[in-house]
Amino acid sequence: MMNCIFCKIVEGTIPSQKVYEDEKVVGFKDISPVAPVHIIIIPKHHIESVMEVDENNADIVSHIILVAKKIAKELGISEKGFRIVNNCGKEGGQTVPHLHFHLLGGRDMQWPPG
Ligand code: 5GP
Ligand code: ZN
């Protein structure tokens, strides 16, 4: 979608440090990491948020979980643990309106989140 930062990362018109790519998704380093490991995993196809996930496209979410597992293993955080986060909408803290999951690890996480 035009003017979407993450669609531009998929196309490569905005550079990113990709750690994973397949035909359906891309994983790349967050530009402003909040943990030693902070990867953003997105569908290549533009979906605005969890609110746009339905029975026709929900399989991308399970695929992203499998990819998150794989990246967690590769980056050495699978044993100690990690967190997968989705922010949805304004109060959820979503700043980029293209569905994405944060993979966070490499430090102790706090609960509840801010
Ligand atoms: P949200 O707040 O929407 O859940 O998360 C958006 C995330 O995308 C933020 O953690 C932010 O640092 C990251 N981000 C925003 N723009 C860019 C960019 O151009 N490149 C990369 N690598 N990350 C970005
Ligand atoms: Zn997009």
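Reference entry: report on the structure contained in this document.

About the cut-offs
Counting starts from 1 at the beginning of each chain's written sequence and moves along it residue by residue. A letter from A marks each chain and a number from 1 marks each ligand, given out in the order of writing. Where totals are concerned, whole chains, interfaces and linings use all residues; where local detail is concerned, this predicted model gives features only for residues with pLDDT of at least 70, and gives and counts side-chain atom pairs only at 80 or more. For side-chain calculations, the full set of non-hydrogen atoms in the structure is used, while hydrogens and water are omitted. With water omitted from the atoms examined, metal sites may look incomplete; donors here are N, O and S atoms no farther than 2.8 Å from the metal, or 3.2 Å in the case of Na, K and Ca. Every angle between 85 and 135 degrees makes a four-donor site tetrahedral, while opposite donors more than 155 degrees apart, with all other angles between 65 and 115, make a four-donor site square planar and a six-donor site octahedral; other sites are irregular. Note on conventions: DSSP H or I runs of at least 4 residues are helices, E runs of at least 2 residues are strands, and numbering of each starts at the N terminus. Each residue's exposure class comes from its accessible area (1.4 Å probe, protein chains only) as a fraction of the maximum for that residue type: buried when under 20%, exposed when over 50%, partly exposed otherwise. We place a 1 Å grid over just the protein atoms. Points where a 1.4 Å probe fits but has no way out form a cavity, open points with protein on both sides within 12 Å along at least 5 of 7 lines form a pocket, and any residue with an atom within 4 Å of a point lines it. Grid points are joined across faces, edges and corners, and a volume is the space filled by probe spheres set on the points. Gly is put with the polar residues, along with every residue not named as nonpolar or charged; the nonpolar set is Ala, Val, Leu, Ile, Met, Phe, Trp, Tyr, Cys and Pro, and the charged set is Asp, Glu, Lys and Arg.

1. Some thoughts on the coordination of the zinc ion (ligand 2)
Then step 1. Those protein atoms acting as donors to the zinc ion (ligand 2) are Cys 4 (SG), Cys 7 (SG), His 46 (ND1) and His 98 (ND1), and they sit at 2.0 to 2.3 Å.
Then step 2. Coordination at the zinc ion (ligand 2) is tetrahedral: its four donor atoms span angles of 105 to 116° at the metal.
Then step 3. Positions of the donor residues of the zinc ion (ligand 2) along the chain correspond to the pattern C-x2-C-x38-H-x51-H. Linking His 46 in the loop between strand 3 (37–43) and helix 2 (59–74) with His 98 in the loop between helix 3 (89–92) and strand 5 (101–105), this pair joins segments that are 52 residues apart in sequence.
Then step 4. Residue His 46 is classed as buried on the basis of its relative accessible area of 18%.
Then step 5. For His 98, a relative accessible area of 0% translates into the label buried.

2. Some details on the layout of surface pockets
Empty space among the atoms becomes apparent when a probe as large as a water molecule is rolled across them.
Then step 1. Roughly 380 Å³ of internal volume is contained in the largest pocket.
Then step 2. Lining the largest pocket are 21 residues, with Phe 6, Asp 30, Ile 31, Ser 32 and Ile 40 positioned closest to its centre.
Then step 3. Counting only elements with at least two residues in the lining of the largest pocket, the list comes to helix 1 (5–11), strand 2 (25–29) and strand 3.
Then step 4. The leading source of residues in the lining of the largest pocket is helix 1, at three residues.
Then step 5. The class makeup of the residues in the lining of the largest pocket is 10 nonpolar, nine polar and two charged.

It is worth stressing that arrangement in space is one thing and function is another; only the former is reported here.
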